[in-house]
Amino acid sequence: ARKQIPIQSGFLDYFPDAISSIAHCSWVGNEQHNKGEPLHWAREKSNDHLDCAQRHLKQRGTVDTDGVLHTTKAAWRILAYLQLEIEKENS
């Protein structure tokens, strides 16, 4: 079963630049919303992930005022939504 979840070869190797961009987006967001705190996802601060993702997708191909691509922010929001959906399914 574990071979059916190839995290390295089926995800990290496919999208190294995109993953790095999303990780940087996490850092930028943490600096904005949790200044001075260790990197963490402050889940209680926003939960309108799909609306935010769509707003960022409308601006895809451009850079937000904080230097992060809007497409990166959309991807972060989709991943956040997916994570919460999976957690709910598994609870």
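Details of the structure are given in the entry above.
Computed from a predicted structure; not experimentally measured.

1. Brief notes about a nonpolar patch on the surface
Judged by side-chain polarity, Ile5, Ile7, Phe11, Leu12, Tyr14 and Phe15 come together as a nonpolar surface patch covering roughly 630 Å² of accessible area. With respect to the secondary-structure elements, Phe11 resides in helix 1 (residues 7-12). What makes Phe11 partly exposed here is its relative accessible area of 37%.

2. Considering helix 3 (residues 49-58)
Along helix 3, the residues classified as buried are His49, Cys52, Ala53 and His56. The buried residues of helix 3 all sit within an arc of 100 degrees when viewed along its axis, so they share a single face. Exposed residues pointing more than 90 degrees away from the buried face of helix 3 are listed as Asp51 and Lys58. For helix 3, the secondary structure elements touched by its buried residues are helix 4 (70-90).

Criteria and thresholds
Residues numbered from 1 in each chain as written. Predicted model: local features only at pLDDT ≥ 70, side-chain atom pairs only at ≥ 80, totals over all residues. Heavy atoms only, no water. Patch = residues over 30% accessible without salt bridge, like charges linked within 9 Å, V, L, I, M, F, W, Y side chains within 5 Å. Areas by Shrake-Rupley, 256 points an atom, 1.4 Å probe, with all protein chains shown as cover. Salt bridge = Lys/Arg side-chain N within 4 Å of Asp/Glu carboxyl O. Helix = DSSP H or I, 4+ residues; strand = E, 2+ residues; numbered from the N terminus. Buried < 20%, exposed > 50% of the residue type's maximum accessible area, 1.4 Å probe, protein only. Arc of directions from axis to C-beta. Contact = heavy atoms within 4.5 Å.

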